[in-house]
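# Residue-level structural notes
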Amino acid sequence: MTSNALKIGFIGLGIMGAPMAGHLINAGHQLFVYTLGKMPEAVSGSSATQCLSARGVAERADIIFIMVPDTPDVEAALFGETGVGTGLKRPSGEVTASARKVVVDMSSISPIATKTFAQKINALACDYLDAPVSGGEVGAKNATLSIMVGGPEAVFERIRPLFELMGKNITLVGGNGDGQTAKVANQIIVALTIEAVAEALLFAARAGADPARVRQALMGGFASSKILEVHGERMVKRTFDPGFRIELHQKDLNLALSTARLLGMSLPNTATAQELFNACVAHGGKAWDHSAMVRALEKLANFEIGQQAG
């Protein structure tokens, strides 16, 4: 532990949370951790202190990170019977800004619910940032996540050095909820680009071209993208072990579509992408990587990218 070590809490040590917490531990910070599932060996074998509840984390840490799957999970972690909120004791006197505890939710959840959560945490004389991430398991392991932050600028600057241990592209988007809004927008783009890449490679394969070479050719042109590079390769090689599960992307698109309804607007292509994910789930694919959306299109075409065109 270094002389500049901070007391940091981390709640949610799944496929993303575990490596993210690991970067904070490796930087020499004192971590207090809690997770509902099995404690990962990388964390249990580290210097981190395991707590029995989210409240225990909040009582011990000055900065509390949360990384759980969905809006109800964040609400439970924050405001459940033994949640973070019960461990954030409102001080009797004035507290300087640098001494206020900070809750940082790095999950991908509802922007509307986030604003309510922030208000409740603020009422306990604590600060709140929503900071969802993009980059998947690979980005979490390599500390190359894109982090989209909503909240006060002064609080963002206080936490920025910790974000820099977990990611590379770190942006303060606006106030509380705006980070989550940016993440929903990100997931719309990702889903629609996966769909475009899947259609293009399936079309090329069905027309008799080598989809691997088509992908290689497209990587040098205006159609080039990270999704064509990474997920296009997965489609060609049929490697659909999850970096980001379809069921989680479904959750994010549900946020997009439900929020769009509240805003009185239409997201027609987002709805189509969601239906393709739904078709994958109907075939047992909720835990497939989201690049496996191509399988739904292959069912419609009665043709798989890997087979020979007749």
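Anyway, here's the lowdown on the structure attached to this text. Values in this document were obtained by computation on a predicted structure and should not be read as measured data.

### Here's the deal with the overall build of the chain
A count of helices and strands for the chain gives 14 helices and 9 strands. For the chain, whose C-alpha radius of gyration is 21 Å, the value lies close to the compact-globule estimate of 19 Å for 310 residues. On the principal axes, the C-alpha backbone points of the chain span a range of 75 × 45 × 35 Å. Looking at the chain as a whole, 50% of its 310 residues are labelled buried. Considering only residue pairs separated by 6 or more positions, the chain has 68% of its internal contacts joining residues 24 or more positions apart.

### Observations regarding the nonpolar core
With 34 residues, the main nonpolar core has Phe10, Met20, Phe65, Val104, Met106, Ile159 and Phe163 as its most contacted residues. Listing elements by their share of this core, those giving two or more residues are β1 (7–11), α1 (17–26), β2 (30–34), β4 (63–66), β5 (102–105), β8 (145–150) and α8 (153–163). Ignoring any residue separated from it by four or fewer positions in sequence, one finds Met106 in contact with Met20, Phe65, Ile66, Met67, Ala131, Pro132, Val133, Ile147, Phe163 and Met166. Listed in part, the 26 residues of the second largest apolar core include Val190, Ile227, Leu228 and Leu253.

### Quick word on the packing of helix α9 (residues 178–206) against helix α12 (residues 246–263)
Running from N to C, α9 and α12 cross one another at 115°; their axes reach a closest spacing of 9 Å. The two elements α9 and α12 cross, and the hand of that crossing is left-handed. Every residue of α12 that contacts α9 at Lys183, Val184, Gln187, Ile188, Val190 and Ala191 is listed here: His249, Asp252, Leu253, Leu255 and Ala256. Classifying every residue of the contact of α9 with α12 by side-chain character gives 7 nonpolar, 2 polar and 2 charged.

### Regarding the packing of aromatic side chains
Under the criterion given, the structure shown has 4 aromatic pairs. Between Phe65 and Phe163, the ring centres sit 6.5 Å apart and the planes meet at 70°, which makes this aromatic pair edge-to-face. In this pair, Phe65 sits in strand β4 while Phe163 sits in helix α8, placing the two residues 98 residues apart along the sequence. Of the residues examined, Phe163 reaches a relative accessible area of 0% and is grouped as buried. Where Phe156 meets Phe163, the ring centres are 6.3 Å apart and the plane angle is 35°; that geometry is what we call tilted. For the pair Phe156 and Phe163, a shared accessibility class is recorded, and that class is buried. Across the ring face of Phe79, the terminal group of Lys120 is positioned such that the distance to the ring centre comes to 5.0 Å. In this structure, Arg295 is placed above the aromatic ring of Trp288, and the distance from its NZ or CZ to the ring centre is 4.2 Å.

Thresholds applied
- Residues numbered from 1 in each chain as written.
- Predicted model: local features only at pLDDT ≥ 70, side-chain atom pairs only at ≥ 80, totals over all residues.
- Heavy atoms only, no water.
- Helix = DSSP H or I, 4+ residues; strand = E, 2+ residues; numbered from the N terminus.
- Rg over C-alpha atoms; globule rule 2.2 N^0.38 Å.
- Buried < 20%, exposed > 50% of the residue type's maximum accessible area, 1.4 Å probe, protein only.
- Contact = heavy atoms within 4.5 Å.
- Core = buried A, V, L, I, M, F, W, Y, C linked by side-chain atoms within 4.5 Å.
- Axes fitted to C-alpha atoms, helices over the stretch in contact; angles between N-to-C directions.
- Left-handed = near helix turned anticlockwise from the far one by under 90°.
- Nonpolar A, V, L, I, M, F, W, Y, C, P; charged D, E, K, R; others polar.
- Phe/Tyr/Trp six-rings, centres within 6.5 Å; stacked < 30°, edge-to-face > 60°.
- Lys NZ or Arg CZ within 6 Å of the ring centre and 35° of its normal.

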